[in-house]
Amino acid sequence: MTASLLIKHAAQVVTSRGASAKPLVGESLGRIEVIDDGAVAVSGEKITAVGPTAEVMEQVETDRQTKVIDATGKVVLPGLVDPHTHVVFGGSREHELSLKLQGVPYLEILARGGGILSSVEATRSASSDQLVERGIKYCRQMLVQGTTTAEAKSGYGLSTEAELKILRAVQQVAKAQPVDLVPTFLGAHAVPKEFKGDPDRYLKLVIEEMLPQVVEGKLACYCDVFCEEGVFSVEQSRRVLTAARAAGLGLKLHADEIVPLGGAELAAELGAVSADHLLAVSDRGIEKMAAAGVIAVLLPGTTFYLREGHYAPARRMIEAGVPVALATDFNPGSSPNNNLQLVINIACLYLRMTPAETINSITINAAHALGRAALIGSLEENKAADLVIFDAPNYDYLAYRYGTNLVETVVKNGAVVVEGGLVD
Ligand code: NIG
Ligand code: FE
């Protein structure tokens, strides 16, 4: 078959291949296939060949229409996958930074009606068009930083109308720009002010009114809950997630971030695809997640930004056989960062992960955390042609440099969508 795109002579092609059926665990997380002087051939939307340049050139035909990119001195990676974001929201929360610097704790800001609840106000009062416009802007920022697929949670509406507005905006944002979005319903993100002091009455609305409409409208693939002291208990989270599972959604959970409530254990009990955050996860929670194959989506950028002081026990989880993925948690409060390259840096420095482990955690394991590993997350034949060319001589360089966007070219479904570091 004639190639529509051929990338050749890359200093390194890092494939993350061979793990589409199951996420990488334990030592395998740190093993990564690196092809020196590598090439990737693409035909239409799919990858047709990956290997040393000389071999790929022998296998594939090219013609005058083939776009050829010489990647000499550069690194090629699978398109990055960000499996935990809250990318559609109104307003911003820069005013909370000074409160934080004065030492007011995150949950205290929320209890005072700020935090998530102030983003809820701003999201409710934003029009759909405004949400879509902002969502497109944030997705383009992600794209130029190498992200080609991201999760997108609701959760700043907290009324039926506003939650549906967000999820419909997610659909529109996904259609309007190249980053694929996987939608998650997070109606149980906080108790809105109309239900203050009565979380159970609010959860009745989530379960009986919002969830059926979300499912009916095919507006979400997953359901998530913020299981945390002062937000939703394990028992309340179980109620929401059990109903969501019965309605056909996959499950995720904001678990054991600040207080060790037992969110990891709950995620394992219910067969959730992932449990996220996990700074305060217990040993028992780790064991249960490993046994059930629940992916730990770690969000070290959030820990850094909240100055939580201690990071999720990534090494213990990897050693115990828990599959690990990494994400930005992009949101207006605890993580106003949508750059996965920065997450690589923080994960290496503070989660003590190796560069290879971090790359597998934002490619193939992240794709598993979104149920998309058959299609994306690695460079291999017949997968979607989503890839990134970094201006870096080797993949270690990505972990070493920080604060500079090293992305030069992004290809999404076979189309060059970022060139020279700029959106095409
Ligand atoms: O994942 N933890 C709960 N939700 C978000 C924070 C949302 C916010 O502060 O607006 C998170 O960190
Ligand atoms: Fe989050």
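Our subject is the structure listed above.
As the structure is a computational prediction, the values presented were derived from the model and not from experiment.

### Concerning the layout of surface pockets
Logical step 1: Within this model, the largest pocket holds a volume of roughly 480 Å³.
Logical step 2: Secondary structure elements with two or more residues in the lining of the largest pocket: α2 (96–101), α3 (106–111) and α11 (300–306).
Logical step 3: Among the residues making up the lining of the largest pocket, the classes are represented as 15 nonpolar, six polar and seven charged.
Logical step 4: Here the second largest pocket is characterised by a volume of approximately 390 Å³.
Logical step 5: Around the second largest pocket sit 19 residues that line it, and Leu-110, Ala-111, Leu-117, Val-191 and Lys-196 are the ones nearest its centre.
Logical step 6: Breaking the lining of the second largest pocket down by element, the ones donating at least two residues are α3 and α4 (116–125).
Logical step 7: The residue inventory of the lining of the second largest pocket, partitioned by class, reads nine nonpolar, three polar and seven charged.

### A look at the side chain of His-86
Logical step 1: In this fold, His-86 is placed in the loop between β6 (80–82) and α2.
Logical step 2: Since its relative accessible area comes to 1%, His-86 is described here as buried.
Logical step 3: Within the structure, His-86 has its side chain in polar contact with the side chain of His-84 (distance 3.2 Å).
Logical step 4: If near-sequence neighbours (up to four positions away) are discounted, His-86 is found in contact with Lys-153, Ser-154, Tyr-156, Leu-186, His-189, His-254, Asp-329, Phe-330 and Asn-331.

### Quick notes on unusual backbone geometry
Logical step 1: Here the phi dihedral of Ser-16 falls at roughly 55°; this positive angle occurs in a residue that is not glycine.
Logical step 2: Along the chain, Ser-16 falls in the loop between β1 (5–14) and β2 (34–43).
Logical step 3: The residue Leu-158 is not glycine, and still its phi comes out positive at about 60°.
Logical step 4: If you trace the backbone, Leu-158 turns up in the loop between β7 (147–153) and α6 (160–176).

### Considering the coordination of the iron ion (ligand 2)
Logical step 1: Every protein donor of the iron ion (ligand 2) is accounted for by His-84 (NE2), His-86 (NE2), His-254 (NE2) and Asp-329 (OD), and the metal-donor separations fall at 2.1 to 2.3 Å.
Logical step 2: Donor residues for the iron ion (ligand 2) sit on one chain with the sequence pattern H-x1-H-x167-H-x74-D. Residue His-86 is located in the loop between β6 and α2, and its partner Asp-329 is located in the loop between β13 (324–326) and α13 (340–350); the two are separated by 243 residues in the primary sequence.
Logical step 3: Take Asp-329: its relative accessible area is 1%, and that puts it in the buried class.

### Comments concerning the packing of α6 against helix α7 (residues 199–216)
Logical step 1: Where α6 contacts α7, the axes come no closer than 10 Å and their chain directions differ by 35°. Here the hand of the crossing between α6 and α7 comes out right-handed. Where α6 approaches α7, its residues Thr-160, Glu-163, Leu-164 and Leu-167 are matched on the opposing element by Leu-205, Glu-209, Met-210, Gln-213 and Val-214.
Logical step 2: A class-by-class count of the residues in the contact of α6 with α7 yields five nonpolar, two polar and two charged.

### Things to note about the site of ligand 1
Logical step 1: Near ligand 1 there are 15 residues, and of these Arg-93, Tyr-106, Tyr-156, His-189 and Ser-334 occur at the shortest range.
Logical step 2: A distance of 2.8 Å separates an oxygen atom of ligand 1 from a polar atom in the side chain of Asp-329.
Logical step 3: When the free accessible area of ligand 1 is taken as 330 Å², the share hidden by the protein chains comes to 100%.
Logical step 4: Under a 2 Å grid-point criterion requiring more than half of the atoms, the pocket assigned to ligand 1 is the largest cavity.
Logical step 5: The residue inventory of the shell around ligand 1, partitioned by class, reads four nonpolar, eight polar and three charged.

### Side note on the packing of helix α5 (residues 128–144) against α6
Logical step 1: Contact geometry of α5 with α6 gives a least axis separation of 9 Å together with a crossing angle of 50°. Put simply, α5 runs oblique to α6. Judged by the sense of rotation from one axis to the other, the crossing of α5 with α6 is right-handed. Note on element contacts: α6 touches α5 through Lys-165, Ile-166, Ala-169, Gln-172, Val-173 and Ala-176, opposite Ser-128, Leu-131, Val-132, Gly-135, Ile-136, Cys-139 and Arg-140.

Quick notes on the rules
- Residues numbered from 1 in each chain as written.
- Chains lettered and ligands numbered in written order.
- Predicted model: local features only at pLDDT ≥ 70, side-chain atom pairs only at ≥ 80, totals over all residues.
- Heavy atoms only, no water.
- 1 Å grid on protein atoms, 1.4 Å probe; cavity = no way out; pocket = protein on both sides within 12 Å on 5 of 7 lines; lining within 4 Å.
- Points joined across faces, edges and corners; volume = space filled by probe spheres on them.
- Helix = DSSP H or I, 4+ residues; strand = E, 2+ residues; numbered from the N terminus.
- Nonpolar A, V, L, I, M, F, W, Y, C, P; charged D, E, K, R; others polar.
- Buried < 20%, exposed > 50% of the residue type's maximum accessible area, 1.4 Å probe, protein only.
- Polar contact = N/O pair within 3.5 Å; in protein donor to acceptor, adjacent residues only side chain to side chain.
- Contact = heavy atoms within 4.5 Å.
- Donors = N, O, S within 2.8 Å, 3.2 Å for Na, K, Ca; no water.
- Axes fitted to C-alpha atoms, helices over the stretch in contact; angles between N-to-C directions.
- Left-handed = near helix turned anticlockwise from the far one by under 90°.
- Near = heavy atom within 4 Å.
- Areas by Shrake-Rupley, 256 points an atom, 1.4 Å probe, with all protein chains shown as cover.
- Sits in = over half its atoms within 2 Å of the grid points.
- Parallel < 35°, antiparallel > 145°, perpendicular 65-115°, else oblique.

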